[in-house]
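Listed below are the residues making up each chain.
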Protein chains: 2
Amino acid sequence: MSVRTVSNVAAGSDLVAAATRERVQRVIDELGYRPNAAARHLRGGRSGLIGLVLPELSSPYFAELADHVVRAAADRGRMVLVQQTDGEAEQERRLLTGVRGQSVDGVLMSPWGLSPADLRAEPGSSPVVLLGEQDAEGLLDHVTVDGEAAAREATQHLLAAGRTSIVAVGDQPHLGNGTAERRAAGYRAAMTAAGLEPRTVAVRRLHRSDGADAVRALLERPQRPDAVFCFSDQLALGALRAAMTAGLRVPDDLAVVGFDDVEDGRYATPALTTVAPDKAAIAEAALELLTSRIESPERPPQRVLAPYLLRVRESSAAATPPDSQPTSRPGTRKPRKVTSRRGTNPSRA
Amino acid sequence: MSVRTVSNVAAGSDLVAAATRERVQRVIDELGYRPNAAARHLRGGRSGLIGLVLPELSSPYFAELADHVVRAAADRGRMVLVQQTDGEAEQERRLLTGVRGQSVDGVLMSPWGLSPADLRAEPGSSPVVLLGEQDAEGLLDHVTVDGEAAAREATQHLLAAGRTSIVAVGDQPHLGNGTAERRAAGYRAAMTAAGLEPRTVAVRRLHRSDGADAVRALLERPQRPDAVFCFSDQLALGALRAAMTAGLRVPDDLAVVGFDDVEDGRYATPALTTVAPDKAAIAEAALELLTSRIESPERPPQRVLAPYLLRVRESSAAATPPDSQPTSRPGTRKPRKVTSRRGTNPSRA
DNA sequence: ACGTGGCATTGCCACGTTGCAAACTGCAGT
DNA sequence: ACTGCAGTTTGCAACGTGGCAATGCCACGT
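Conventions adopted
- Residues numbered from 1 in each chain as written.
- Chains lettered and ligands numbered in written order.
- Predicted model: local features only at pLDDT ≥ 70, side-chain atom pairs only at ≥ 80, totals over all residues.
- Heavy atoms only, no water.
- Least-squares fit on C-alpha atoms with pLDDT ≥ 70 in both.
- Contact = heavy atoms within 4.5 Å.
- Buried area = accessible area lost by both parts, 1.4 Å probe.
- Salt bridge = Lys/Arg side-chain N within 4 Å of Asp/Glu carboxyl O.
- Helix = DSSP H or I, 4+ residues; strand = E, 2+ residues; numbered from the N terminus.
- Expected span 1.5 Å × (residues − 1).
- Near = heavy atom within 4 Å.
- Polar contact = N/O pair within 3.5 Å; in protein donor to acceptor, adjacent residues only side chain to side chain.
- Nonpolar A, V, L, I, M, F, W, Y, C, P; charged D, E, K, R; others polar.
- Buried < 20%, exposed > 50% of the residue type's maximum accessible area, 1.4 Å probe, protein only.

Draft legend 1. Region of interest: the relation of the copies chain B and chain A. Placing chain B over chain A gives an RMSD of 0.1 Å and needs a rotation angle of 180°, together with 0.1 Å of translation along the axis. Taken together, the rotation angle and the small translation identify this as a two-fold axis. When each C-alpha of chain B is compared by its distance to the rotation axis, Leu81 of chain B comes out closest, at 2.3 Å. The residues that chain B uses at the interface reappear at the interface of chain A in 100% of cases, marking a shared surface.

Draft legend 2. Region of interest: the interface of chain B and chain A. In this assembly, 50 residues from chain B lie in contact with 50 residues from chain A. Between chain B and chain A, a total of about 4200 Å² is buried, with carbon and sulfur atoms accounting for 55% of that surface. By the criterion of area lost to chain A, the three top residues of chain B are Arg208, Arg241 and Tyr267 of chain B, representing 17% of everything that side buries. Where chain B meets chain A, there are eight salt bridges. Note that Arg71 of chain A is salt-bridged to Asp86 of chain B, the shortest N-O span being 3.0 Å.

Draft legend 3. Seen up close, helix 2 (residues 18–31) of chain A. Taking 1.5 Å as the rise per residue, helix 2 of chain A with 14 residues should run 20 Å; its terminal C-alpha atoms sit 20 Å apart, in good agreement. Gly32 of chain A sits one or two residues past helix 2 of chain A and shows a positive phi near 65°.

Draft legend 4. Quick peek at the protein's contact with DNA strand C. Taken together, 20 residues form the shell around DNA strand C, and within it Ser7, Tyr33 and Arg43 of chain A together with Thr5 and Thr20 of chain B come nearest. Contact between DNA strand C and Ser2 of chain B: a phosphate oxygen at 3.1 Å from a main-chain N or O atom of the residue. Within the backbone of Ala17 of chain B, a nitrogen or oxygen atom sits 2.9 Å from a phosphate oxygen of DNA strand C. Listing elements by their share of the surface near DNA strand C, those giving two or more residues are helix 1 (3–11) and helix 3 (37–44) of chain A together with helix 1 (3–10) and helix 3 (37–44) of chain B. Grouping the constituent residues of the surface near DNA strand C by class yields nine nonpolar, six polar and five charged.

Draft legend 5. Broad picture of the pattern of salt bridges. If you walk through the whole model with that rule in mind, you get 44 salt bridges over all chains. One salt bridge connects Arg208 of chain B with Glu263 of chain A, and the closest N-O pair in it is separated by 3.3 Å. Of this pair, Arg208 of chain B sits in helix 9 (residues 208–220) while Glu263 of chain A sits in helix 11 (residues 263–267), which puts the two residues in different chains. Residues Arg208 of chain B and Glu263 of chain A agree in their burial class; the two are buried. Through salt bridges that share partners, Arg208, Glu263 and Asp264 of chain A together with Arg208, Glu263 and Asp264 of chain B make up one connected network.

As structure tokens, then:
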């Protein structure tokens, strides 16, 4: 009964006679023996952990995304180490270098402060997959929705509902990640195509208070908009609040559309129309990319486009009365799942 | 230049001459050398990781709590491994045994399905600190707010505002964790003291839809309440939604009070009155307990009571018009921070 | 000049696992 | 009976770190 044989049984190797296996297994169960993760990690170089680096967990969108990521990781026998950056470039840099190659086999990162090029330049060798709408083509693996198309679609929806003075809220010129740029571009495209003047408002962060402040400021100006398209649900919920407080009726006086489809929006009054990225698909794709890269580090970087959906709810309805129950009826269905050069899916034991 | 000396420099030992240290450090920086976490873990038996086991990350309360936990852990040089149980006893058991003694130095757990006694009975030896309102006295370390007092206070607030038919929503007789029982007890105490008949409604989960369903059902009954006290903000937000949909005015026709103080509630319309546990304090205390137990595993289990605050906002105002801006003015201030036998705080390098 | 003590450096080993290759087993073929 | 083979089992080594103890070095006191 050598150590080696026990190891073979524990690791599920097939180089063990059935009788031996059973005998060893019985003892294992009896003693409650569990193979030591640290030793395995040291020996094999794999920890079974992945890092999830997010701006902040308390933001509902990231919380929901993290939920999906943890589940997707668990499905693959991996556990998730969560880190927060507050969206600060310095933290992102520090965490990426710090966690990398350390206790983690790979990192899923949603950068705000750093651009893909910055990230690419960081030292360290462990796999990284980006989440979000940066342009990382050819630099790093990357999962995203087509923010530009989504924004265009959301704007077109408002136009189709008869709105003419639509303001986009949520530009973030101080950040390097390109998310806001994409959405702003889509918005502008739709506006210009309709012969209308685009008008964007910048915010520092994407919190409710920023959305509330922005809308409050908008309402004080002479030229009141009849719709706002916010680049996050948090902004939109703040906008809702500001509009209601100012005595406006939503959607009659002001239509509001968000982006993210967080649960709050479904239960807001009125329920929030929003662009709904398929978070489960994002998490799945991200884990697939990450595990595939862990297996084959030299494969060229890939981009995966995750599907999204425009969920039309009360906050942008043209003139219909709010329905009695907030559901998640699909609005304009458009599951554009485009997978460019999706890697093979190596089998797992 | 032996391996040993480099190890001493990297580990910050003081058994190194200043000149040597500097020379080694330079090379370390140059090569980007980072001490290997797996080897340290194997050798020292400490991974620097702690597990955070929660029902679900997508629930705003847990997301906010997780945010604080990750920060508090980072302050102590630790990282956090997040696991989800969906509140299921089996998952809680599996995760507790599975993660324990593996890659993690200790576990912070918010149990729903298992009672403290169940948890105590689980095999495995790594430290566990409970988060939540179970009765774990003498069994396990434990951080909680006084849910009974908080519920009493919330109910008294409604009574003081002139409400007489107050229903408590959120009893969960099928769960073993005692949270709902505590809050229900506080509620009943206040009602009985006021000479009123307590009336509680059970829900299966604590989501918005459950709160909405419960209130919808309540409104169909002959005896309409003039206030609901929900055992979570999610329930309360669902209740708000159901009330508005039914054409009721909140707070005029129905006052709503929640529990948790999640960010959504502050920006709901009307803004939600709620019991606000000090989540940062909870996270701090939990990490303090956990690190102290990691240092001295034999110390007797402690309980730490974290402070809470009743934040009175619009959803329960007596007759005043809603204020123009949702703020977090403290309501009844009552920072009852009671620390029973709080352990010493061992210094950290 | 020599002994002594204190600080700095080094070597050895073990932590628990697994890749590799050697050793061993029983059995069939010659 | 001996060889060869396939199927099992075992021994050795190494992953990188840090506790321990031995060694090396230098300055000071006598």
